[in-house]
Amino acid sequence: MSIQEPFSEGASLAHRLDPRGKIVVAALFSVLVAVAKTYEVALGGLVLALVFLALARLPLGKVVVRLLAVNSFIFFLWIVLPFTYPGTEVWRWGPLGATREGLIFTGLITLKSNAIIIALMALIATVPIVTLGQAIHDLKLPDKLCHLLLFTYRYIYVFEDEYRRLLQAMKIRGFIARTNLHTYRSYAYLAAMLLVRSLDRAERVFQAMLCRGFHGTFYSLKTFTWQRRDGIFLGASLLALLVLLCLEVLKPTLLRGPI
């Protein structure tokens, strides 16, 4: 069992791009869109994300499934924010009144969230996690961050298996989950035991690595080669992000979100 990476394999342009450039573009894109306060930038970001998605040529069905999962949480914002955000009331249903500012704010969040998720799927999900860790290291990010990513990838499913074994042992002993204090206490014991076993395994893995000569650095036989297409992609993406930044800073809008 391992973490599924359904988008990491492919022959599209996005898959062939240098992962270092994609990480830089994805990070700048996410920050710019996340802090945007205008619909122009949010819509522009969504269009740019769709361009990235076209370059990646990802299976549309799998993309839609992931977007539905994200928007299922955003749906609850549409239930709450328009009726609780102060502003000019534009619609009333019984004791609840929706405000113009609340609707604008929620719509802005929806656009930005979908734009960021689509861009991350197209740029980051097309890179295998091991390659992503090496690319982060080559970008001179802290080694601890790289190690955390790689160890999480390697061992998270191991801890999941450990959790399932502990839960199965509880059920064999007659445990039935109910809404009572005994159930809550049992799950607390389960979480504590999982934490203890995880710590014990981490110590054993660390000792094993030291015995094999680990000095805090992972070595890889894979090397990245910056090519002409990577420079074109990075330059075009930065230019598009600069246009979005100018729209955010310079252009007034009637649909500025109340952030």
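A. Layout of the overall build of the protein. Counting its regular elements, the protein contains nine helices and two strands. Since a compact globule built from 259 residues should have a radius of gyration of about 18 Å, the 23 Å found for the protein marks it as more spread out than a globular shape. If you line up the protein on its principal axes, its C-alpha atoms span 60 × 60 × 30 Å. Classification of the 259 residues of the protein by burial places 36% in the buried group. In the protein, the proportion of contacts linking residues at least 24 apart, taken out of those at least 6 apart, comes to 76%. Total accessible area on the protein stands at roughly 16000 Å², and carbon and sulfur atoms take up 69% of it.

B. Layout of the environment of Ala34. Structurally, Ala34 can be placed in helix 2 (residues 19-35). A relative accessible area of 41% means that Ala34 is categorised as partly exposed. Those residues in contact with Ala34 that lie beyond four places of it in its chain are Lys112 and Ile116.

C. Highlighting unusual backbone geometry. Backbone geometry places Arg57, a non-glycine residue, at a positive phi of 50 degrees. Note on placement: Arg57 falls in the loop between helix 3 (39-56) and helix 4 (60-84). For Arg57, a relative accessible area of 61% translates into the label exposed. Even without being a glycine, Lys140 presents a positive backbone phi close to 65 degrees. Its place among the elements puts Lys140 in the loop between helix 6 (129-138) and helix 7 (143-172).

D. Just helix 3, in detail. For helix 3, built from 18 residues, the straight-helix expectation of 26 Å at 1.5 Å per residue is met to within 8% by its first-to-last C-alpha distance of 25 Å. Along helix 3, the positions that sit buried rather than exposed are Tyr39, Val41, Ala42, Gly45, Leu46, Leu48, Ala49, Phe52, Leu53 and Ala56. Just downstream of helix 3, Arg57 is the residue with a positive phi angle, here 50 degrees.

E. Local environment of the nonpolar core. With 34 residues, the main nonpolar core has Phe29, Phe52, Leu58, Val63, Ile118 and Met121 as its most contacted residues. Per-element accounting of this core gives the leading share, 10 residues, to helix 5 (residues 100-123). Aside from chain neighbours lying at most four places away, what touches Val63 is Phe7, Leu53, Leu58 and Met121. One finds Ile23, Ala135, Ile136 and Phe224 within the second-largest nonpolar core, a separate group that totals seven residues.

F. Inspection of the side chain of Ser237 at higher detail. Summarising the element assignment, Ser237 is placed in helix 9 (residues 228-250). For Ser237, a relative accessible area of 4% gives the class buried. Apart from the residues lying within four places of it in its own chain, the contact partners of Ser237 are Val25 and Phe52.

G. Quick look at the domain arrangement of the protein. Its domain assignment divides the protein into domain 1 (6-133 + 224-250) and domain 2 (140-211). Domain 1 puts four residues into the contact, and the matching count from domain 2 is four residues. Interface area for domain 1 against domain 2, summed over the two sides, is near 380 Å², with a carbon-plus-sulfur share of 91%. Considering only the side of domain 1, the residues that lose the most area to domain 2 are Ile129, Val130 and Gly133, jointly responsible for 90% of the buried surface there. Counting across the interface, domain 1 meets domain 2 through zero salt bridges. On the surface where domain 1 and domain 2 come into contact, there are zero residue pairs in polar contact (both at pLDDT 80 or more). Within the side of domain 1 that touches domain 2, the residues separate by chemical class into three nonpolar, one polar and no charged.

H. Main features of the pairing of strand 1 (residues 89-93). Where strand 1 meets strand 2 (residues 96-99), four bridges bridge the pair, whose relative direction is antiparallel. In the strand pairing of strand 2, Trp91 is matched with Ala98. Taking the residues between adjacent antiparallel strands as the criterion, strand 1 and strand 2 are bridged by two residues, where Gly94 takes a positive phi near 65 degrees.

Cut-offs used in this document
Residues numbered from 1 in each chain as written. Predicted model: local features only at pLDDT ≥ 70, side-chain atom pairs only at ≥ 80, totals over all residues. Heavy atoms only, no water. Helix = DSSP H or I, 4+ residues; strand = E, 2+ residues; numbered from the N terminus. Rg over C-alpha atoms; globule rule 2.2 N^0.38 Å. Buried < 20%, exposed > 50% of the residue type's maximum accessible area, 1.4 Å probe, protein only. Contact = heavy atoms within 4.5 Å. Areas by Shrake-Rupley, 256 points an atom, 1.4 Å probe, with all protein chains shown as cover. Expected span 1.5 Å × (residues − 1). Core = buried A, V, L, I, M, F, W, Y, C linked by side-chain atoms within 4.5 Å. Domains from an automatic or database assignment. Buried area = accessible area lost by both parts, 1.4 Å probe. Salt bridge = Lys/Arg side-chain N within 4 Å of Asp/Glu carboxyl O. Polar contact = N/O pair within 3.5 Å; in protein donor to acceptor, adjacent residues only side chain to side chain. Nonpolar A, V, L, I, M, F, W, Y, C, P; charged D, E, K, R; others polar. Pairing = 2+ DSSP bridges.

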